[in-house]
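Descriptive structure summary
Residue-level listing of the chains:
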Amino acid sequence: MAFDGCFVTGTDTGVGKTLVSAALLHTLARRHRRVVGMKPVAAGLVAQGREWVSEDVLALRAASTVAVPVALDNPVALPDALAPHLAAARAGRAVTVAELFAAHAALRDLADVVVVEGAGGWRVPLNDSETLADLAVALARPVVLVVGLRLGCLNHALLSAEAIRADGLQLAGWVANAIDPGMACREENMDTLRHWLPAPLLGVVPWHPQTPDARQIVLDLPDTWR
């Protein structure tokens, strides 16, 4: 099957999945005409005029080359910044893999490449019986793992990679994001990840006091994605 998108996950929440997803969109747009980002579930909204929207979704839309209906690039928008199943319970609505999968299927008719950004880490619950990993499995797209470089990232990264592979998906690569400016032995930790992770390093996001410009992040994507 020709490359038509990927699923972006992270070692935890707050490790830069949105930034890396936007960087992927900018990079892929150099080779593909219609690229779009998708945030299946966004929990935590901010006011924009008369609407409440997710900052993550706004960043993905800014990096996309086509505009799509809101119901497709962010089918579930939940007010509270909580785990999806908890935010959904507070909002009094159910979230299922089936509805998220259907939105992705519709997006594929509008774009050549869809970059799907997960929420939190790999196995974050959506409801009492499904997780975001179940959505990734249903989509059957290669996975990009964002590793937040801080104390504890080795265990989180290796366990995430193990779970991705155990679920039968391809870990296409990983991106290192220096989120802790005071991390000890950062380069040594990255060397350890290069040795242990069963996928190539696609890029490194240096630490910056403000959010970097996603257009300036250099990613070395697999040849089959070009």
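One structure accompanies this document, and this report is about it. This one's a predicted model, so the numbers in the text were calculated from it and none came from an experiment.

Thoughts on the nonpolar core
Of all hydrophobic cores here, the largest spans 46 residues; its most connected members are F7, W122, V147 and L149. Aside from chain neighbours lying at most four places away, what touches F7 is V116, G118, W122, L132, L135, A136, L139, R141, P142, V143 and V144.

A few points about the state of the cysteines
Summed over the entire model, instances satisfying the criterion amount to zero disulfides. Just so you know, C153 is unpaired, no disulfide at all, and the nearest cysteine sulfur is the one on C185, 11 Å from it. Look at C153 and you get buried, because its relative accessible area is 1%.

What about the pattern of salt bridges?
For the coordinates displayed, the defined rule picks out twelve salt bridges. Between D112 and R34 there is a salt bridge, with its nearest N and O atoms 3.1 Å apart. Here D112 is found in the loop between α5 (97-108) and β7 (113-117), whereas its partner R34 is found in the loop between α1 (17-28) and β2 (35-38), with 78 residues between them in sequence. Across the pair K39 and E117 runs a salt bridge whose closest N-O atoms are separated by 2.9 Å. A residue pair is termed long-range when its members are at least 10 positions apart, and K39 in the loop between β2 and β3 (41-43) and E117 in strand β7 qualify at 78 residues. Residue classification places K39 among the buried positions, given a relative accessible area of 4%. Through salt bridges with shared partners, one network takes in D4, R108 and R141.

Looking at the layout of surface pockets
Estimates place the volume of the largest pocket at around 800 Å³. Counting residues per element, the ones that place at least two in the lining of the largest pocket are α1, β3 and α2 (55-63). Of the residues forming the lining of the largest pocket, the biggest block, five residues, is contributed by α1. Split by residue class, the lining of the largest pocket holds 21 nonpolar, twelve polar and seven charged.

Digging into the side chain of D73
Looking at the element boundaries, D73 is found in helix α3 (residues 70-73). Among the polar contacts made by the side chain of D73, one reaches the side chain of R61 at a distance of 2.7 Å.

Remarks on the environment of V76
With respect to the helices, strands and loops of the structure, V76 is situated in strand β6 (residues 76-78). On a C-alpha basis, the gap between V76 and R93 in space is 9.5 Å, while along the polypeptide they are 17 residues apart.

Thoughts on the packing of helix α7 (residues 153-166) against helix α8 (residues 186-196)
Angle between the axes and distance between the axes are the two parameters that describe a pair of packed helices. In the contact formed by α7 and α8, the axes pass within 10 Å of each other and the chain directions differ by 15°. The angle between α7 and α8 places the two elements in the roughly parallel class. Every pair of crossing elements has a handedness; the one defined by α7 and α8 is right-handed. Each of L154, A157 and L158 in α7 lies in contact with α8, whose residues at this interface are N189, T192, L193 and W196. The residue inventory of the contact of α7 with α8, partitioned by class, reads five nonpolar, two polar and no charged.

A word on the packing of α5 against helix α6 (residues 132-139)
Two elements in contact, α5 and α6, have axes separated by 10 Å at closest approach and are oriented at 40°. In terms of axis orientation, α5 runs oblique to α6. The hand of the α5/α6 crossing is right-handed. When α5 is examined against α6, the residues V97, L100, F101 and H104 are found in contact with a partner set consisting of D134, L135, A138 and L139. Across the contact of α5 with α6, the residue classes break down as six nonpolar, one polar and one charged.

Comments concerning α2
Among the residues of α2, those classed as buried are V57, L60 and A63. When α2 is viewed along its axis, its buried side chains cluster within an angular range of 125° and face the same direction. Opposite its buried face, α2 presents the exposed residues E55 and A62, each directed more than 90 degrees away. Contacts from the buried residues of α2 go to α1, β2, β3, α3 and β7. Structurally, the start of α2 carries an N-cap: the backbone nitrogen of D56 is 3.1 Å from a side-chain oxygen of S54.

Concerning the packing of aromatic side chains
Enumeration over the complete set of coordinates arrives at two aromatic pairs. Centroid distance F3 to W225: 4.5 Å. Interplanar angle 15°. Geometry classified as stacked. You can see F3 sitting in the segment before β1 (5-10) and its partner W225 sitting in the segment after β10 (201-205), a full 222 residues away along the chain. By relative accessible area, W225 is classed as buried at 4%. Centre to centre, the rings of F7 and W122 are 6.0 Å apart; their planes meet at 85°, and the pair counts as edge-to-face. One end of the pair, F7, is in strand β1; the other, W122, is in the loop between β7 and α6, and 115 residues separate them in sequence. Neither F7 nor W122 differs from the other in exposure class; each is buried.

Analysis parameters
Residues numbered from 1 in each chain as written. Predicted model: local features only at pLDDT ≥ 70, side-chain atom pairs only at ≥ 80, totals over all residues. Heavy atoms only, no water. Core = buried A, V, L, I, M, F, W, Y, C linked by side-chain atoms within 4.5 Å. Buried < 20%, exposed > 50% of the residue type's maximum accessible area, 1.4 Å probe, protein only. Contact = heavy atoms within 4.5 Å. Disulfide = S-S within 2.5 Å. Salt bridge = Lys/Arg side-chain N within 4 Å of Asp/Glu carboxyl O. Helix = DSSP H or I, 4+ residues; strand = E, 2+ residues; numbered from the N terminus. 1 Å grid on protein atoms, 1.4 Å probe; cavity = no way out; pocket = protein on both sides within 12 Å on 5 of 7 lines; lining within 4 Å. Points joined across faces, edges and corners; volume = space filled by probe spheres on them. Nonpolar A, V, L, I, M, F, W, Y, C, P; charged D, E, K, R; others polar. Polar contact = N/O pair within 3.5 Å; in protein donor to acceptor, adjacent residues only side chain to side chain. Axes fitted to C-alpha atoms, helices over the stretch in contact; angles between N-to-C directions. Parallel < 35°, antiparallel > 145°, perpendicular 65-115°, else oblique. Left-handed = near helix turned anticlockwise from the far one by under 90°. Arc of directions from axis to C-beta. Phe/Tyr/Trp six-rings, centres within 6.5 Å; stacked < 30°, edge-to-face > 60°.

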